[in-house]
Amino acid sequence: MSNRTERIYDACVIGAGASGLVCAAILAGRGLSTLVIEQNKKSGRKLYATGNGRCNLANAVISDSAYYGNAFATQVVTDPHMEMLKEHLLGLGIPLTEREGYFYPQSLQASSVVWALNDAALHAGVAFQYDTQVTDVLRPAEGGFLIRAREKHSEQPVEIQAERLVLAAGSPAAAHLGSGKAAVLQKLFQALDLGFRPFEPALCPLETDEDVSALAGVRTKAVLTLEPGNTVGDTGRNVAGNATGNAAGNDTMGSVSPEDFTEIGELQLTDYGISGIAVFNLATIASAGDRIRIDLLPAWNSPEELLKVLSGVDPGRRVLGVMNGFLHDKLCGRLLEECFGPEGLRRNMAELTMEDRMRLIHTMKNWRLTVKGKKGDQGQACQGGVLTSMVDPDTMRVSAEGSILAVTGEALDVVGRCGGYNLMFAMISGILAGRNL
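Residues numbered from 1 in each chain as written. Predicted model: local features only at pLDDT ≥ 70, side-chain atom pairs only at ≥ 80, totals over all residues. Heavy atoms only, no water.

**Considering the overall build of the protein chain**
When helices and strands are tallied, the protein chain shows 12 helices and 20 strands. Taken along its principal axes, the extent of the C-alpha atoms in the protein chain is 85 × 40 × 40 Å. The burial tally for the protein chain puts 54% of its 437 residues in the buried class. Sequence-distant contacts in the protein chain: of pairs separated by 6 or more residues, those separated by 24 or more amount to 74%. Carbon and sulfur atoms make up 48% of the accessible area of the protein chain, which amounts to about 18200 Å² in all. If the 40 positive side-chain charges of the protein chain are averaged to one point and the 49 negative ones to another, these points end up 4 Å apart. (Helix = DSSP H or I, 4+ residues; strand = E, 2+ residues; numbered from the N terminus. Buried < 20%, exposed > 50% of the residue type's maximum accessible area, 1.4 Å probe, protein only. Contact = heavy atoms within 4.5 Å. Areas by Shrake-Rupley, 256 points an atom, 1.4 Å probe, with all protein chains shown as cover. Lys, Arg positive; Asp, Glu negative; His and termini not counted. Charge placed at Lys NZ, Arg CZ, Asp CG, Glu CD.)

**Focus: the pairing of strand 12 (residues 219-227)**
Of the strand pairs in this sheet, strand 12 and strand 15 (residues 262-269) are connected by seven bridges, and their pairing is antiparallel. The residue of strand 15 that forms the bridge with Ala 222 is Gly 265. Here strand 12 pairs with strand 17 (residues 291-295) via five bridges, running antiparallel. Residue Val 223 lies in a different strand from strand 17, and its bridge partner there is Asp 295. (Pairing = 2+ DSSP bridges.)

**Things to note about the sheet that holds strand 3 (residues 58-59)**
Here we have three strands laid out as an open sheet, ordered 3-5-4, and antiparallel in their pairing. Only two strands of the sheet have a single partner each, and these edge strands are strand 3 and strand 4 (96-99). As paired strands, strand 3 and strand 5 (residues 102-105) are joined by two bridges and run antiparallel to one another. Within the sheet, the bridge partner assigned to Ala 58 lies in strand 5 and is Phe 103.

**As for the packing of helix 1 (residues 18-29) against helix 5 (residues 110-124)**
Orientation of helix 1 relative to helix 5, taken along the N-to-C sense of each, is 25°, at an axis distance of 8 Å. With respect to helix 5, the axis of helix 1 lies roughly parallel. Crossing handedness for the pair helix 1 and helix 5: left-handed. Packed against helix 1, whose contacting residues are Ala 18, Leu 21, Val 22, Ala 25, Ala 28 and Gly 29, the element helix 5 presents Leu 117, Asn 118, Ala 120, Ala 121 and Ala 124 at the interface. Partitioning the contact of helix 1 with helix 5 into residue classes produces nine nonpolar, two polar and no charged. (Axes fitted to C-alpha atoms, helices over the stretch in contact; angles between N-to-C directions. Parallel < 35°, antiparallel > 145°, perpendicular 65-115°, else oblique. Left-handed = near helix turned anticlockwise from the far one by under 90°. Nonpolar A, V, L, I, M, F, W, Y, C, P; charged D, E, K, R; others polar.)

**Points about the nonpolar core**
Of all hydrophobic cores here, the largest spans 87 residues; its most connected members are Tyr 67, Val 137, Ile 147, Leu 165, Leu 194, Leu 412 and Met 424. If near-sequence neighbours (up to four positions away) are discounted, Ile 147 is found in contact with Cys 12, Ile 37, Val 134, Asp 136, Val 137, Val 158, Glu 159, Ile 160, Ala 162 and Leu 165. (Core = buried A, V, L, I, M, F, W, Y, C linked by side-chain atoms within 4.5 Å.)

**A few points about the environment of Leu 423**
Position of Leu 423 relative to the elements: it lies in helix 12 (residues 421-436). In this structure Leu 423 touches Ala 18, Leu 47, Thr 50, Cys 55, Asn 56 and Leu 57, once residues within four positions along its chain are discounted.

**Some words on the packing of aromatic side chains**
Throughout the structure, instances matching the rule amount to seven aromatic pairs. When the centroid spacing of 5.7 Å and the interplanar angle of 75° are considered together, the rings of Tyr 67 and Tyr 421 count as edge-to-face. Highlighted residues: Tyr 67 in the loop between strand 3 and helix 3 (71-76) and Tyr 421 in helix 12, separated in sequence by 354 residues. Here the aromatic rings of Phe 189 and Phe 199 are separated by 6.1 Å at their centres, their planes lie at 50°, and the arrangement is tilted. Remark: Phe 199 occurs in strand 10 (residues 196-202) and Phe 189 occurs in helix 6 (residues 182-191); sequence separation between them is 10 residues. One aromatic cluster is present, formed by Tyr 67, Phe 72, Tyr 421 and Phe 425 through successive ring pairs. Note that Arg 347 overlies the ring of Phe 340, its terminal NZ or CZ placed 4.7 Å from the centroid. (Phe/Tyr/Trp six-rings, centres within 6.5 Å; stacked < 30°, edge-to-face > 60°. Lys NZ or Arg CZ within 6 Å of the ring centre and 35° of its normal.)

**A short note on helix 1**
The terminal C-alpha atoms of helix 1, which comprises 12 residues, lie 17 Å apart, in line with the 16 Å expected from a rise of 1.5 Å per residue. Within helix 1, the full set of buried residues consists of Ala 18, Ser 19, Gly 20, Leu 21, Val 22, Cys 23, Ala 24, Ala 25, Ile 26, Leu 27 and Ala 28. (Expected span 1.5 Å × (residues − 1).)

**Thoughts on the sheet that holds strand 15**
Reading around the barrel, the six strands line up as 11-16-15-12-17-18 and close back on themselves, with antiparallel pairing between neighbours. Going from strand to strand, the sheet's axes swing by 45° on average, the running direction of each strand aside. Sheet topology places strand 11 (residues 206-208) next to strand 18 (residues 367-374); three bridges connect them, and they run antiparallel. Bridged to Leu 206 within strand 18 is Lys 374. Sheet strands touched by helix 11 (residues 354-365): strand 17 and strand 18. Its angle to strand 17, the strand with the most contacts, is close to 115°.

This is the structure:
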């Protein structure tokens, strides 16, 4: 085709996110001619927004629960591999600083991380093809890969031949930051004969059946416990859904243990439901019909202590006025109405029987909301992607493809909790692929 741009490389990396940049620099550093194809106009667009711009790169606590029981993820993210990541980043001029178990770049700027990763890749000789959408990948009879793409600004078709291929194309999460579309990503998985699980929202706010719009803007510390309405086995909820393609049905995210159903943190009430880091972590394993039990007074472990305090209050005071010292006034009004109806707002302490007081305490410690759905458009990550059963956790190579195809980062069916776990997995997987492909 006369207008088609054709090039040949030793390696091609699809995606210039964290895992793709790390991997490409290592591949080029090994002497392999390497091209990165990125659909956005610059590298690391999502990375710029990580950790509210401070870039929470990793977490000091590595456990099974960090990845919801995903055995593959815990084989990739190990203590030795965490040390490997620290050394690699330090070698790029990114020393880490730890704050309450969270690792950040010493600069506390995500932009410095993106700059260092991109600069290291350029210095190693990596070529970049920006603003270009990969449309198909073929496997020629003579070997290697034929990557077909199209430049967005000019509609110019592009063909790339590469001996090795790294799929680091990410997930559909955070579409406003230029993420790929689920249909496009899944088409690539199918073209490469990779089994996958369709993408679903994770780490996102939750919509509730109950109307809490009057509470929008309220923030309070709470303990949240997910009470599943379905899909619970003897050992907990299986986070995986239906798989598609080669090896379908052989992969799961693992069985979630009971402690994964409880989160402590700030609860944020919104016009559609609830948000906050604690909610995000529960959203990954939540389904419509589940209930969220909320302890709004986590500092008070004993109902008897609360009862004693309430009993010592001037009986002539309004209940609403007394509760305002414990909770936000909007929450106080909501709970009083749930317990006693509209007249609850006008009651004074003397009008509350012992049973009334215990009911009020129980409600404050066990407020329940029902999950209606997930606000995936505001999510930080997705479940779904290439089945981990197809990939070697030591090398990130696709087992059936020998040494020429690897999958890294968010393109894999791995999701971690908030707190640097997903970026940590992405970069470690990129390092492993770059060293072993």
